[in-house]
Amino acid sequence: MGAERILGPQRRNLWFWVFVGPFVVGLGLFTYVPLAWSVYLSFFDAHNTVSPSGSDFVGLGNYSAMLGDDAFLGSLGTFLVFTAFIVPATYALSLGLALMVNRLRIAQAFFRSVFFLPTACSYVVAALIWKLSIFNGVRFGLANTVLGWLGGGEDIAWLSTTDPPWYWLVIVTVRLWLQAGFYMILFLAGLQRISPQLYEAAAVDGARPGWQTFRHITFPQLRATSVAVVLLLVINAFQAFDEFYNLLSDARGYPPYARPPLVYLYYTALGQDQNLGLGSAGAVILALIIAVATVLQARWFGLGRKGED
């Protein structure tokens, strides 16, 4: 009876575990165990070690040190600036692309693939292309070349100029190029779920196609998709690392400006001091901020409430 209960009728449960088991084991070993160990390390003075002794226990000392660190708090401010730029820009661009592609009657699959293709590009590769080819700070860079054609004057050092902070243009555009296609696909799926009968009824009632139809029919019907897109964009903004690190760091190190939380934690845990306990505490704080921000956004938008599509 015990074996039959585990394996199920006709051994169906056996095949379930054959296919799912390796994934569950890998998820536990490479995701949940490191997460649990990181939480454990956050309570110890773990310099250059991942197995501190009992005498290194500091309790909540690492957490209080991180919350009192101006550099860490400044990294959270960098995240807020990055979010203020990238979330509305990606939302507007991906929605606009979805609306245009959805209206196509020919070659829709082609344009959908073209706009989605950058999603498959590595963040590291894209950052290096932006840094070395497009926004290179010399006259051979594409951006400075175009500005020269337009009479722009002196070349701009895009990644080292802080007044005005031109580096934000580089960081935001590379992330925008990389992720807009993915969210366009989400909006396309939402648009294709809207019943054509709604537009027919609106036309009968005298609604004009264009902005009026979009405002009163299309946009409200995309509410659930919009909430999901905004949540994903904010979470991804918290996790920004590759584009910042590969765009701004050089042989001299990383500049003191535009350090998002993950870059700061990278230098804290793997820098000269290798303070893994302090870095782990910062990672736990960051994870809690992401969780709280996600829950608050979901509650604010009414995600999952009764009657939500």
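Above: the structure in question.
Definitions and limits used
- Residues numbered from 1 in each chain as written.
- Predicted model: local features only at pLDDT ≥ 70, side-chain atom pairs only at ≥ 80, totals over all residues.
- Heavy atoms only, no water.
- Helix = DSSP H or I, 4+ residues; strand = E, 2+ residues; numbered from the N terminus.
- Rg over C-alpha atoms; globule rule 2.2 N^0.38 Å.
- Buried < 20%, exposed > 50% of the residue type's maximum accessible area, 1.4 Å probe, protein only.
- Areas by Shrake-Rupley, 256 points an atom, 1.4 Å probe, with all protein chains shown as cover.
- Lys, Arg positive; Asp, Glu negative; His and termini not counted.
- Charge placed at Lys NZ, Arg CZ, Asp CG, Glu CD.
- Contact = heavy atoms within 4.5 Å.
- Core = buried A, V, L, I, M, F, W, Y, C linked by side-chain atoms within 4.5 Å.
- Phe/Tyr/Trp six-rings, centres within 6.5 Å; stacked < 30°, edge-to-face > 60°.
- Lys NZ or Arg CZ within 6 Å of the ring centre and 35° of its normal.
- Expected span 1.5 Å × (residues − 1).
- Bend = angle between axes of the 7 residues up to and from the residue.
- Salt bridge = Lys/Arg side-chain N within 4 Å of Asp/Glu carboxyl O.
- Axes fitted to C-alpha atoms, helices over the stretch in contact; angles between N-to-C directions.
- Parallel < 35°, antiparallel > 145°, perpendicular 65-115°, else oblique.
- Left-handed = near helix turned anticlockwise from the far one by under 90°.
- Nonpolar A, V, L, I, M, F, W, Y, C, P; charged D, E, K, R; others polar.

(A) Spotlight on the overall build of the protein. A tally of helices and strands in the protein yields 14 helices and zero strands. Counting from the amino terminus, helix and strand elements in the protein follow one another as α-α-α-α-α-α-α-α-α-α-α-α-α-α. Over its C-alpha trace the protein gives a radius of gyration of 25 Å, far above what one expects of a compact globule, namely 19 Å for 309 residues. Expressed as lengths along the three principal axes of its C-alpha atoms, the size of the protein is roughly 80 × 75 × 35 Å. Here the protein, with 309 residues, has 36% of them falling under the buried criterion. Counting only carbon and sulfur atoms, one obtains 66% of the accessible surface of the protein, whose full area is about 18400 Å². The distance from the centre of the 18 positive side-chain charges to the centre of the 16 negative ones in the protein is 15 Å.

(B) The arrangement of the side chain of T218 in detail. Tracing the sequence through the fold places T218 in helix α10 (residues 211–221). Aside from chain neighbours lying at most four places away, what touches T218 is L99, L191, I194, Y199 and T213.

(C) Just the nonpolar core, in detail. Counting 60 residues, the largest nonpolar core has M66, F82, Y167, I171, F244, L247 and L248 as the members making the most contacts within it. Going through the elements one at a time, α3 (61–67), α4 (70–103), α6 (123–134), α8 (167–192), α11 (223–238), α12 (242–248), α13 (261–270) and α14 (276–301) are the ones with two or more residues in this core. If you tally residues by element for this core, the top one is α8, at 13 residues. Contact partners of L247, with chain neighbours within four places excluded, come to A127, W130, K131, L159, V170, I171 and V174.

(D) Examining the packing of aromatic side chains more closely. Within the structure shown, the criterion is met by 26 aromatic pairs. Note on F72 and Y264: the rings are 5.8 Å apart at their centroids and 45° apart in plane angle, and the pair reads as tilted. Of this pair, F72 sits in helix α4 while Y264 sits in helix α13; the two residues are 192 residues apart in sequence, bridging distant segments of the chain. Judged by centre distance (5.8 Å) and plane angle (35°), the ring pair of W211 and F214 falls under tilted. In this pair, W211 and F214 both sit in helix α10, three residues apart, roughly one turn of the helix. W211 gets classed as exposed once you look at its relative accessible area, which sits at 62%. By the ring-pair criterion, three or more aromatic residues cluster together here, those being F82, F85, Y167, W168, F244 and Y257. We note R259 situated over the ring of Y267; from NZ or CZ to the ring centre the distance is 5.2 Å.

(E) Spatial organisation of α8. Helix length check: α8 (26 residues) gives 38 Å between terminal C-alpha atoms against 38 Å at 1.5 Å per residue, within 8%. Bending of α8 peaks at approximately 40° at the position of Q179.

(F) The pattern of salt bridges, seen in detail. Per the counting criterion, the structure on display carries two salt bridges. For E243, the salt bridge is made with R175, and the minimal N-O distance between the two is 2.6 Å. Highlighted residues: E243 in helix α12 and R175 in helix α8, separated in sequence by 68 residues. Both residues of the pair, E243 and R175, belong to the buried class. Linking D250 and R252 is a salt bridge whose minimum nitrogen-to-oxygen distance equals 2.9 Å. Since its relative accessible area comes to 37%, D250 is described here as partly exposed. By relative accessible area, R252 is classed as exposed at 78%.

(G) Representation of the packing of helix α9 (residues 196–204) against α10 in the model. It is at 11 Å that the axes of α9 and α10 come closest, and there the two elements cross at 160°. For the element pair α9 / α10, the angle class is roughly antiparallel. Where α9 crosses over α10, the two elements pack in a sense that is right-handed. Taking contact as the criterion, the partners of L198, Y199 and A202 in α9 are, on α10, T213, I217, T218 and Q221. For the contact of α9 with α10, the residue count by class is four nonpolar, three polar and no charged.

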